[in-house]
Amino acid sequence: MRAIVTGANGFAGSHLIEHLLSIQTEVHGTIRSFRSDLKNLAHIDAKAFTLHACDITDASSVDALIERLKPTHIFHLAAQSYVPASWSAPHATMMTNALGTLNLLEAMHRHAPTARMHAAGTSE
C-alpha cells in the first residue's frame, strides 16, 4: 500500500502516519510548506516516511504529486477546522476545504483512478 496523508503535520495526521507505518505502509505526507510546524511529527522517525510541500489549493501542485506518487490510498486531513478562523477568513476556508478536496479528486481521477480516498470531517 502506498498512502498519502494530507495535513500530515496535524494532530490526527501524525497519529495516522504512525499507524500506517506500523502496518508496513509506504507513507507520504503533505504539508503546506517546509516552514510548517512539524512538532506533531517529532516522535516519528523522519526516515520512515516522506514529506512533500503541497498547497492543497494549488491544483497543479496536487496534480503533480498524485501523478508522481500514484497512491493506492489517500487520507485527506488537510482542512481549516478552527471555527473562529473560518468566520474571520471564510474565503480561505472554502478554498482549502472545498477547492482543496476537488483538486485532490480531480488529480486522482487523472492519475490514480483506482485509489481509495477517505476525507475526514468534523462536527465543528
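Scroll up for the structure.
Caption draft 1: Region of the structure containing the sheet that holds strand E1 (residues 2-6). Judged by pairing direction, the sheet is parallel, and its five strands sit side by side in the order E3-E2-E1-E4-E5 without closing on themselves. The strands lining the two open edges of the sheet, one partner per strand, are strand E3 (50-53) and strand E5 (116-119). Each strand axis lies, on average, 20° off the axis of its neighbour in the sheet, ignoring direction. Looking at chain direction, strand E4 (residues 73-76) and E5 are connected through four bridges and run parallel. Among the inter-strand pairings, histidine 76 is bridged to a residue of E5, identified as alanine 119. The sheet contacts of helix H1 (residues 11-22) involve E1, strand E2 (26-31) and E4, and relative to E1 the element is tilted by about 170°.

Caption draft 2: Looking closely at the nonpolar core. Counting residues in each nonpolar core, the largest one holds 13 residues, and the members touching the most others are Ile4, Val62, Leu65, Ile66, Ile74 and Leu104. Mapped by element, the contributors of at least two residues to this core are helix H2 (59-69) and helix H4 (90-111). Per element, the largest residue contribution to this core is four residues, and it comes from H2. When neighbours within four sequence positions are excluded, leucine 65 is seen to be in contact with Ile4, Thr30, His52 and Cys54. Ranked by size, the runner-up nonpolar core spans twelve residues in total, among them Ala3, Leu16, Leu20 and Val27.

Caption draft 3: Expanded view of unusual backbone geometry. Backbone geometry places glutamine 24, a non-glycine residue, at a positive phi of 60°. Mapped onto the elements of the fold, glutamine 24 is located in the loop between H1 and E2. Given the relative accessible area of 69%, glutamine 24 is considered exposed. In this structure, lysine 70 is a non-glycine residue whose phi angle is positive, near 45°.

Caption draft 4: Main features of H1. The first and last C-alpha atoms of H1 sit 17 Å apart over twelve residues, in line with the 16 Å expected at 1.5 Å per residue. Those residues of H1 not exposed but buried are Gly13, Ser14, Leu16, Ile17, Leu20 and Leu21. Projected down its long axis, H1 shows its buried positions confined to an angular sector of 165°, all on one face. Of the exposed residues in H1, those oriented more than 90 degrees away from the buried face are Phe11 and Ser22.

Conventions used here
Residues numbered from 1 in each chain as written. Predicted model: local features only at pLDDT ≥ 70, side-chain atom pairs only at ≥ 80, totals over all residues. Heavy atoms only, no water. Pairing = 2+ DSSP bridges. Helix = DSSP H or I, 4+ residues; strand = E, 2+ residues; numbered from the N terminus. Axes fitted to C-alpha atoms, helices over the stretch in contact; angles between N-to-C directions. Contact = heavy atoms within 4.5 Å. Core = buried A, V, L, I, M, F, W, Y, C linked by side-chain atoms within 4.5 Å. Buried < 20%, exposed > 50% of the residue type's maximum accessible area, 1.4 Å probe, protein only. Expected span 1.5 Å × (residues − 1). Arc of directions from axis to C-beta.

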